[in-house]
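# Fold and geometry: a report
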Amino acid sequence: MPATNFDARFNPHVDAYIAKSKPFAQPILIHIRELVHKACPNVTEAIKWSRPFFEYKGVILGNISAFNEHCSFGFWGEEIGAVLRQANIIQEGGMGSLGRITTVKDLPSNKQMLDLLRQATGFIDRGEYTSPIAARNKVVKAPKTDPETPTELTQALKANRKASAVFAAFSPSCKREYIDWIAEAKRPETREKRVIQAIQWIAEGKQRNWKYQNC
(Lines give C-alpha, C1' and ligand atoms only; values in the text may rest on other atoms or scores of the structure.)
Protein backbone atom coordinates (compact mmCIF):
# COMPACT_ATOMS: atom_id res chain seq x y z
CA MET A 1 0.00 0.00 0.00
CA PRO A 2 1.10 3.63 -0.38
CA ALA A 3 3.05 4.98 2.57
CA THR A 4 0.64 6.19 5.28
CA ASN A 5 3.10 7.13 8.05
CA PHE A 6 5.31 10.15 7.43
CA ASP A 7 8.66 9.17 5.98
CA ALA A 8 10.85 11.71 4.21
CA ARG A 9 11.81 9.08 1.66
CA PHE A 10 8.21 8.66 0.52
CA ASN A 11 6.75 11.60 -1.35
CA PRO A 12 3.03 12.15 -0.59
CA HIS A 13 2.52 13.23 -4.20
CA VAL A 14 3.65 9.77 -5.26
CA ASP A 15 1.18 8.30 -2.76
CA ALA A 16 -1.54 10.36 -4.42
CA TYR A 17 -0.46 9.25 -7.91
CA ILE A 18 -0.68 5.59 -6.92
CA ALA A 19 -4.02 6.09 -5.17
CA LYS A 20 -5.51 7.67 -8.32
CA SER A 21 -4.25 4.88 -10.58
CA LYS A 22 -6.46 2.05 -11.83
CA PRO A 23 -7.02 -0.77 -9.30
CA PHE A 24 -4.93 -3.24 -11.34
CA ALA A 25 -2.02 -0.77 -11.42
CA GLN A 26 -1.77 -0.01 -7.70
CA PRO A 27 -0.17 -3.28 -6.53
CA ILE A 28 2.30 -3.11 -9.42
CA LEU A 29 3.39 0.44 -8.60
CA ILE A 30 3.59 -0.31 -4.88
CA HIS A 31 5.67 -3.43 -5.51
CA ILE A 32 8.16 -1.60 -7.75
CA ARG A 33 8.36 1.26 -5.27
CA GLU A 34 9.17 -1.12 -2.44
CA LEU A 35 11.89 -2.82 -4.48
CA VAL A 36 13.49 0.51 -5.37
CA HIS A 37 13.64 1.57 -1.72
CA LYS A 38 14.93 -1.83 -0.66
CA ALA A 39 17.71 -1.77 -3.25
CA CYS A 40 18.58 1.85 -2.58
CA PRO A 41 17.57 3.09 0.90
CA ASN A 42 18.88 6.59 0.08
CA VAL A 43 16.64 7.07 -2.93
CA THR A 44 14.28 10.06 -3.00
CA GLU A 45 11.01 10.53 -4.84
CA ALA A 46 9.69 13.33 -7.01
CA ILE A 47 6.97 14.02 -9.54
CA LYS A 48 8.35 14.98 -12.94
CA TRP A 49 6.43 15.19 -16.19
CA SER A 50 3.31 14.17 -14.20
CA ARG A 51 4.69 10.80 -13.08
CA PRO A 52 6.76 9.46 -10.16
CA PHE A 53 10.54 9.44 -10.43
CA PHE A 54 13.19 7.95 -8.17
CA GLU A 55 16.37 9.98 -7.72
CA TYR A 56 19.72 9.02 -6.26
CA LYS A 57 22.51 11.49 -5.57
CA GLY A 58 20.75 14.12 -7.63
CA VAL A 59 20.21 12.06 -10.79
CA ILE A 60 17.28 10.01 -12.02
CA LEU A 61 17.44 6.31 -11.21
CA GLY A 62 14.12 5.36 -12.78
CA ASN A 63 10.42 6.11 -12.98
CA ILE A 64 7.04 4.41 -12.79
CA SER A 65 3.95 5.18 -14.88
CA ALA A 66 0.38 3.96 -14.87
CA PHE A 67 -1.89 3.90 -17.90
CA ASN A 68 -5.41 2.69 -18.56
CA GLU A 69 -4.40 -0.89 -19.29
CA HIS A 70 -0.78 -1.27 -18.25
CA CYS A 71 2.07 0.12 -16.17
CA SER A 72 5.71 0.73 -16.97
CA PHE A 73 9.01 1.05 -15.19
CA GLY A 74 11.94 2.79 -16.82
CA PHE A 75 15.57 2.52 -15.79
CA TRP A 76 17.50 5.73 -16.47
CA GLY A 77 21.13 5.82 -17.49
CA GLU A 78 22.85 4.66 -20.65
CA GLU A 79 25.07 2.28 -18.68
CA ILE A 80 22.28 0.29 -17.02
CA GLY A 81 20.51 0.35 -20.37
CA ALA A 82 23.45 -1.50 -21.89
CA VAL A 83 23.22 -4.11 -19.10
CA LEU A 84 19.51 -4.58 -19.81
CA ARG A 85 20.08 -5.00 -23.54
CA GLN A 86 22.89 -7.49 -23.00
CA ALA A 87 20.65 -9.53 -20.71
CA ASN A 88 17.76 -9.32 -23.21
CA ILE A 89 15.55 -7.76 -20.54
CA ILE A 90 14.43 -4.66 -22.43
CA GLN A 91 11.04 -5.25 -24.00
CA GLU A 92 9.09 -3.36 -26.64
CA GLY A 93 5.49 -2.23 -26.31
CA GLY A 94 5.72 0.06 -23.30
CA MET A 95 7.16 3.42 -22.35
CA GLY A 96 9.69 1.94 -19.94
CA SER A 97 12.42 -0.68 -19.97
CA LEU A 98 10.28 -3.70 -19.12
CA GLY A 99 7.46 -3.43 -21.65
CA ARG A 100 3.74 -3.48 -20.80
CA ILE A 101 3.25 -4.53 -17.18
CA THR A 102 -0.29 -5.65 -16.39
CA THR A 103 0.48 -7.72 -13.30
CA VAL A 104 3.33 -8.11 -10.82
CA LYS A 105 4.11 -11.42 -12.51
CA ASP A 106 5.16 -9.52 -15.64
CA LEU A 107 8.15 -8.13 -13.76
CA PRO A 108 11.53 -9.86 -13.48
CA SER A 109 11.99 -11.77 -10.24
CA ASN A 110 12.55 -9.75 -7.09
CA LYS A 111 16.15 -10.97 -6.96
CA GLN A 112 16.81 -9.87 -10.52
CA MET A 113 15.09 -6.50 -10.03
CA LEU A 114 17.10 -5.80 -6.87
CA ASP A 115 20.32 -6.77 -8.64
CA LEU A 116 19.55 -4.45 -11.57
CA LEU A 117 18.64 -1.57 -9.29
CA ARG A 118 21.86 -2.01 -7.32
CA GLN A 119 23.86 -2.09 -10.55
CA ALA A 120 22.15 1.15 -11.58
CA THR A 121 23.08 2.85 -8.29
CA GLY A 122 26.60 1.44 -8.62
CA PHE A 123 27.07 3.25 -11.93
CA ILE A 124 26.00 6.48 -10.25
CA ASP A 125 28.34 5.89 -7.30
CA ARG A 126 31.28 5.41 -9.67
CA GLY A 127 30.43 8.50 -11.72
CA GLU A 128 29.62 6.38 -14.77
CA TYR A 129 26.06 7.62 -15.22
CA THR A 130 25.00 9.12 -18.56
CA SER A 131 21.52 10.60 -18.71
CA PRO A 132 19.50 9.36 -21.70
CA ILE A 133 18.46 12.97 -22.35
CA ALA A 134 22.09 14.06 -22.48
CA ALA A 135 22.90 11.12 -24.75
CA ARG A 136 20.10 12.06 -27.16
CA ASN A 137 21.21 15.69 -27.26
CA LYS A 138 24.89 14.93 -27.70
CA VAL A 139 26.19 16.38 -30.93
CA VAL A 140 28.56 14.08 -32.76
CA LYS A 141 31.16 16.18 -34.49
CA ALA A 142 32.19 15.10 -37.93
CA PRO A 143 35.84 14.10 -38.07
CA LYS A 144 38.16 16.70 -39.54
CA THR A 145 39.16 15.96 -43.09
CA ASP A 146 42.68 16.60 -44.30
CA PRO A 147 42.84 20.08 -45.85
CA GLU A 148 43.66 20.35 -49.52
CA THR A 149 47.28 21.33 -50.06
CA PRO A 150 47.59 24.54 -52.09
CA THR A 151 48.86 23.89 -55.62
CA GLU A 152 51.77 26.29 -55.14
CA LEU A 153 53.00 24.37 -52.09
CA THR A 154 52.60 21.01 -53.84
CA GLN A 155 54.67 22.17 -56.81
CA ALA A 156 57.36 23.70 -54.56
CA LEU A 157 57.66 20.48 -52.55
CA LYS A 158 58.08 18.44 -55.74
CA ALA A 159 60.98 20.70 -56.66
CA ASN A 160 62.72 20.22 -53.31
CA ARG A 161 63.27 16.59 -52.35
CA LYS A 162 64.56 17.36 -48.88
CA ALA A 163 61.60 19.58 -48.01
CA SER A 164 59.22 17.03 -49.54
CA ALA A 165 60.61 14.21 -47.38
CA VAL A 166 60.44 16.30 -44.20
CA PHE A 167 56.92 17.48 -44.96
CA ALA A 168 55.77 13.90 -45.59
CA ALA A 169 57.06 12.94 -42.12
CA PHE A 170 55.26 15.81 -40.38
CA SER A 171 52.21 15.04 -38.25
CA PRO A 172 48.82 16.04 -39.72
CA SER A 173 48.64 19.04 -37.37
CA CYS A 174 52.07 20.29 -38.46
CA LYS A 175 51.11 19.96 -42.11
CA ARG A 176 47.84 21.79 -41.46
CA GLU A 177 49.68 24.76 -39.93
CA TYR A 178 51.66 25.32 -43.13
CA ILE A 179 48.71 24.62 -45.41
CA ASP A 180 46.42 27.00 -43.55
CA TRP A 181 49.09 29.72 -43.41
CA ILE A 182 49.58 29.61 -47.17
CA ALA A 183 45.89 29.19 -48.01
CA GLU A 184 44.98 32.24 -45.89
CA ALA A 185 47.07 34.53 -48.11
CA LYS A 186 44.68 36.52 -50.30
CA ARG A 187 47.20 38.17 -52.62
CA PRO A 188 49.21 36.00 -55.05
CA GLU A 189 52.47 37.73 -54.15
CA THR A 190 51.88 37.11 -50.44
CA ARG A 191 51.16 33.46 -51.11
CA GLU A 192 54.33 33.16 -53.20
CA LYS A 193 56.46 34.65 -50.40
CA ARG A 194 54.93 32.31 -47.85
CA VAL A 195 55.58 29.27 -50.06
CA ILE A 196 59.24 30.23 -50.45
CA GLN A 197 59.57 30.75 -46.69
CA ALA A 198 57.71 27.51 -45.93
CA ILE A 199 59.99 25.44 -48.18
CA GLN A 200 63.06 26.91 -46.47
CA TRP A 201 61.78 26.14 -42.98
CA ILE A 202 60.48 22.69 -43.90
CA ALA A 203 63.82 21.73 -45.46
CA GLU A 204 65.43 22.70 -42.16
CA GLY A 205 62.98 20.47 -40.28
CA LYS A 206 61.17 23.39 -38.72
CA GLN A 207 57.48 23.52 -37.91
CA ARG A 208 55.41 26.55 -38.88
CA ASN A 209 55.60 28.15 -35.41
CA TRP A 210 59.14 27.00 -34.61
CA LYS A 211 60.10 30.47 -33.32
CA TYR A 212 57.76 30.07 -30.35
CA GLN A 213 58.49 26.45 -29.44
CA ASN A 214 61.40 27.26 -27.12
CA CYS A 215 59.87 30.35 -25.54
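What counts and how
Residues numbered from 1 in each chain as written. Predicted model: local features only at pLDDT ≥ 70, side-chain atom pairs only at ≥ 80, totals over all residues. Heavy atoms only, no water. Salt bridge = Lys/Arg side-chain N within 4 Å of Asp/Glu carboxyl O. Helix = DSSP H or I, 4+ residues; strand = E, 2+ residues; numbered from the N terminus. Buried < 20%, exposed > 50% of the residue type's maximum accessible area, 1.4 Å probe, protein only. Phe/Tyr/Trp six-rings, centres within 6.5 Å; stacked < 30°, edge-to-face > 60°. Axes fitted to C-alpha atoms, helices over the stretch in contact; angles between N-to-C directions. Parallel < 35°, antiparallel > 145°, perpendicular 65-115°, else oblique. Left-handed = near helix turned anticlockwise from the far one by under 90°. Contact = heavy atoms within 4.5 Å. Nonpolar A, V, L, I, M, F, W, Y, C, P; charged D, E, K, R; others polar.

## Re the pattern of salt bridges
- In total, this model carries eight salt bridges according to the counting rule given.
- Measuring nitrogen to oxygen at the nearest pair gives 2.7 Å for the salt bridge that ties D15 to R33. One end of the pair, D15, is in helix α1 (residues 12-20); the other, R33, is in helix α2 (residues 25-39), and 18 residues separate them in sequence. Pair check on accessibility: D15 and R33 agree, each one buried.
- R191 is paired through a salt bridge with E152; the nearest N and O atoms lie 3.4 Å apart. Of this pair, R191 sits in helix α9 (residues 188-203) while E152 is found in helix α6 (residues 151-158), placing the two residues 39 residues apart along the sequence.
- Taking relative accessible area as the criterion, E152 reaches 35% and is therefore assigned partly exposed.

## Considering the packing of aromatic side chains
- Enumeration according to the criterion identifies seven aromatic pairs in this entry.
- A ring pair is formed by W49 and W76, whose centres lie 6.2 Å apart and whose planes are at 10°; its orientation type is stacked. Placement of W49 in the loop between β1 (44-48) and β2 (51-56) and of W76 in the loop between β4 (71-75) and α3 (78-86) is noted, with a sequence separation of 27 residues between them.
- Both rings, one in W181 and one in W201, keep their centres 5.9 Å apart while their planes meet at 20°; by these two values the pair is stacked. Of this pair, W181 sits in helix α8 (residues 172-183) while W201 sits in helix α9, placing them 20 residues apart in sequence.
- A relative accessible area of 9% places W201 in the buried class.
- Taken together, the ring pairs in this structure connect W49, F53 and W76 into an aromatic cluster.

## Structural notes on the packing of α6 against α9
- At a minimum axis distance of 10 Å, the contact between α6 and α9 shows a crossing angle of 40°. Considering the angle they form, α6 stands oblique to α9. For the pair α6 and α9, the crossing hand works out as right-handed. For the pair α6 and α9, contact is made by E152, L153, A156 and L157 and by R191, V195, I199 and I202, respectively.
- Among the residues making up the contact of α6 with α9, the classes are represented as six nonpolar, no polar and two charged.

Geometry only, nothing functional implied.
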